[in-house]
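# Summary of the model geometry
If you want the building blocks of each chain, they are given just below.
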Amino acid sequence: MRCSIAPAKIILFGEHFVVKGKPGLGVAISRYAKVCVKEGSNKIYSTQLGVLEKGSKYRALFDEAIEHIEEFAGKSVCLDIYVDSPIPIASGLGSSAAVAVALVHATLGLLNVEFTKEDVRKIAHEAEKAVHYRPSGVDTTLATYGGLLYYRRGEFRLLDDLQLPTDLSLIIVNTGIKRSTGVIVRDVLGRYERIKRVAKHIYEAGREIVRTALKAIKRGDKKLLGELMLVNQGLLWSMGASSKQCDELIYKLLDLGALGAKITGAGRGGAVIGLASKGMAKFIINELIKSGYEAFIAEPEYNGVRHINHDQLLPL
Ligand code: MEV
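Here we summarise the structure given alongside this text. (Residues numbered from 1 in each chain as written. Predicted model: local features only at pLDDT ≥ 70, side-chain atom pairs only at ≥ 80, totals over all residues. Heavy atoms only, no water.)

Here the focus is the state of the cysteines. By the definition in use, this model includes 1 disulfide. Among the cysteines around Cys78, which has no disulfide bond, Cys36 carries the closest sulfur, lying 17 Å off. Overall, the relative accessible area of 37% leaves Cys78 in the partly exposed class. (Disulfide = S-S within 2.5 Å. Buried < 20%, exposed > 50% of the residue type's maximum accessible area, 1.4 Å probe, protein only.)

The backbone of Ala90 shows a phi angle near 55°, a positive value even though the residue is not glycine. Relative to the assigned elements, Ala90 resides in the loop between β5 (79–84) and α2 (95–111). On the basis of relative accessible area, Ala90 is assigned to the partly exposed category, the value being 35%. The residue Asn112 is not glycine, and still its phi comes out positive at about 60°. Mapped onto the secondary structure, Asn112 falls in the loop between α2 and α3 (117–131). (Helix = DSSP H or I, 4+ residues; strand = E, 2+ residues; numbered from the N terminus.)

A general trend in soluble globular proteins is that nonpolar side chains are found buried together. Within the largest apolar cluster, 92 residues are counted, with the highest numbers of intra-cluster contacts made by Phe13, Ile81 and Ile172. If one sorts the elements of this core by residue count, α2 sits on top with 10 residues. Core analysis: the next-biggest nonpolar cluster, separate from the first, contains 7 residues, Ile11, Val138, Leu142 and Tyr151 among them. (Core = buried A, V, L, I, M, F, W, Y, C linked by side-chain atoms within 4.5 Å.)

Between its first and last C-alpha, helix α1 (residues 59–73) extends 21 Å over 15 residues, near the 21 Å set by a 1.5 Å rise per residue. Residues of α1 that are buried sit in contact with β3 (43–46), β5, α2 and α3. Downstream of α1 by a residue or two, Gly74 has a phi angle that is positive, lying close to 70°. (Expected span 1.5 Å × (residues − 1). Contact = heavy atoms within 4.5 Å.)

Pasting the structure below:
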């Protein structure tokens, strides 16, 4: 049996504005999908979803990935696959990319073929393309390599020399509201067209936020990062990407002592993120869980996909 883990991700700054060519900044987080594979008879079992039968909703990603793996390895494979992924599904955290990347990595390891991380990313991205509408590639890149990613239309730059300030935790809260990225992107673009002369400034401000955030990260200025998050949220709100439930959670995070908070990804549901110093983050998460929210603390993750022993529990 061969097992690999791959991390989830959040978008720190710039979502939606990237659709018009502005930059975005994403980071991998310490929540992992674990996938174990062994020779078998095409059975897939998920701790969270149970047996994934042929033709079922979540099965397609696996079948697509296996097809591309077979093409890469030049041989056919027949596997039993075990998945354990506590990453909330359809919340903008890149859960399917993390599963795809871990699956490809574990399987290529089992097959004993030579491969690079870039091979893993490419194969997982092909599988993602088959099941998601035009994935940007941010999720598979961060699940593969970890770390911080600066991206713009057609340009992906892993910021290997940058790390978020060390006394900083990320708080992820799931609104539990599933939404369609496509619909929200269309609505935001609709508003863009209707108020173009105004929206151009909003998007330009989005670009400046990413630039200033990079400087704040270099200086380790977590207070400024929190402030920039709030300004970014204000811009996203003005373009219609937030919702009452997201806004309420953002206020809750701030009331509890977060330095900043915003939606992450498409918005109007999915996950909301907050920034807090490490000590404060523990207090905030306890309060959120006490109030019944699905929330967790995450640290930035700088290693990306890797093998682990089959009996090793997921790192937290
Ligand atoms: C969705 O995760 C991020 C958006 O910016 C859309 C995209 O970049 O394709 C809203």
